[in-house]
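Single-letter residue listing:
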Amino acid sequence: MSATHGGTRFRHGPWHESATTAQVVPIGGGTVDHAAVAEISNLILSLGFHRILTAALVPHDQAPFLEFGYQVHEPLRLLELNLDPNRIGRSTRPTRRMRRRDVAASLAIDAASFTSFWQFDADALDEAISATPTSRRRVVRSDRVVLGYAITGHTGRTGFIQRLAVDPDSRRAGVGGTLLTDGLAWLHTRGVEGVLVNTQPENEAALALYDRFGFVERPGGLAVLCLEVPPPRLRSAHSKETP
């Protein structure tokens, strides 16, 4: 974590253990403006990275990054739900707490469900679980086989579907609906009033599931931004070639 001279705090580090790509996440403290973005970006580049990815940002938070030279790398659709307990319904299958022995199978399902950029590894799974002060992790199993998993969390009265993935061979069998119903019911017991989830624009199965439960799209969505600069050696060579 680093703080800029203006007091804005950022969490940053290698993205998926990459030696060349870093991730930066604003975490409060001060205003995320052009000066703060410039300071943290230059700090990260000075550490030897030549590619920086942001967290998924709403349009307002994207502005100073875009002004500095970041570009949209991965857009996301942001969906929201006003939580009405009368619309939650009941799960059609039992769920249970994700245990250590379920992690490998859950990550395999994740890899089969998302494009490479969005796939979780063990560290990303832990980050999703700890992203909110309180979270719930559940799996649906058939005998000893994990069919799907979900991570749900909340901060105050706002809930988040952090992750939901179903094995491709088990789709259209009620697994996703069971996991979502379980998460929404748990959020209701915690006093949550609104729920947010994001998904890739091309993830039609997920969009259909959330639409069925009453989620609606929030205008503007989210986007992961990217700043790329040539490695120092290439920058130096380019400068020599420029008349």
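Before reading further, recall that the structure is shown in the block above.
None of the values given here were measured: they were computed from a predicted structure. (Residues numbered from 1 in each chain as written. Predicted model: local features only at pLDDT ≥ 70, side-chain atom pairs only at ≥ 80, totals over all residues. Heavy atoms only, no water.)

Colleague: Would you explain the nonpolar core in this entry?
Modeller: Side chains that are nonpolar tend, in soluble globular proteins, to be buried together. Counting 25 residues, the largest nonpolar core has L83, L164, L180, L184, V195, Y210 and F215 as its most contacted members. Secondary-structure elements contributing two or more residues to this core are β5 (71–82), β8 (145–155), β9 (158–166), α5 (175–189), β10 (194–199) and α6 (204–212). Within the second largest apolar cluster, 24 residues are counted, among which are L53, M98, L107 and F120. (Core = buried A, V, L, I, M, F, W, Y, C linked by side-chain atoms within 4.5 Å. Buried < 20%, exposed > 50% of the residue type's maximum accessible area, 1.4 Å probe, protein only. Helix = DSSP H or I, 4+ residues; strand = E, 2+ residues; numbered from the N terminus.)

Colleague: Is there a simple way to explain the pairing of strand β7 (residues 134–142) in this structure?
Modeller: Regular strands place side chains that alternate from one sheet face to the opposite one. Summarising the sheet, strand β6 (residues 96–97) and β7 pair through 2 bridges and their orientation is antiparallel. Within the sheet, the bridge partner assigned to R96 lies in β7 and is V139. The pairing of β7 with β8 spans 9 bridges and is antiparallel. Across the sheet, the residue bridging to R136 is T152, located in β8. (Pairing = 2+ DSSP bridges.)

Colleague: Looking at this structure, how should I read α5?
Modeller: Every α-helical turn comprises 3.6 residues, leaving residues that sit three or four positions apart pointing alike. In this model, α5 (15 residues) spans 22 Å end to end at C-alpha, consistent with the 21 Å of a helix rising 1.5 Å per residue. Here α5 lies mainly inside the structure; 12 of its 15 residues are buried. Restricting attention to buried positions, one finds in α5 the residues V175, G176, G177, T178, L179, L180, T181, D182, G183, L184, W186 and L187. Its buried side turned inward, α5 meets β5, β7, β8, β9, β10 and α6. Within two residues after α5, G191 carries a phi angle of roughly 85°, on the positive side. (Expected span 1.5 Å × (residues − 1). Contact = heavy atoms within 4.5 Å.)

Colleague: Looking at this structure, I do not really get α6. What am I missing?
Modeller: A206, L207, L209 and Y210 are the residues of α6 that are buried. Angular distribution of buried residues about the axis of α6 spans 160°; they occupy a single face of the element. Residues of α6 that are exposed and point more than 90 degrees away from the buried face comprise E204, A205, D211 and R212. Looking at the buried side of α6, the elements it contacts are β5, β9, α5 and β10. (Arc of directions from axis to C-beta.)

The values reported here are purely geometric and, on their own, carry no functional implication.
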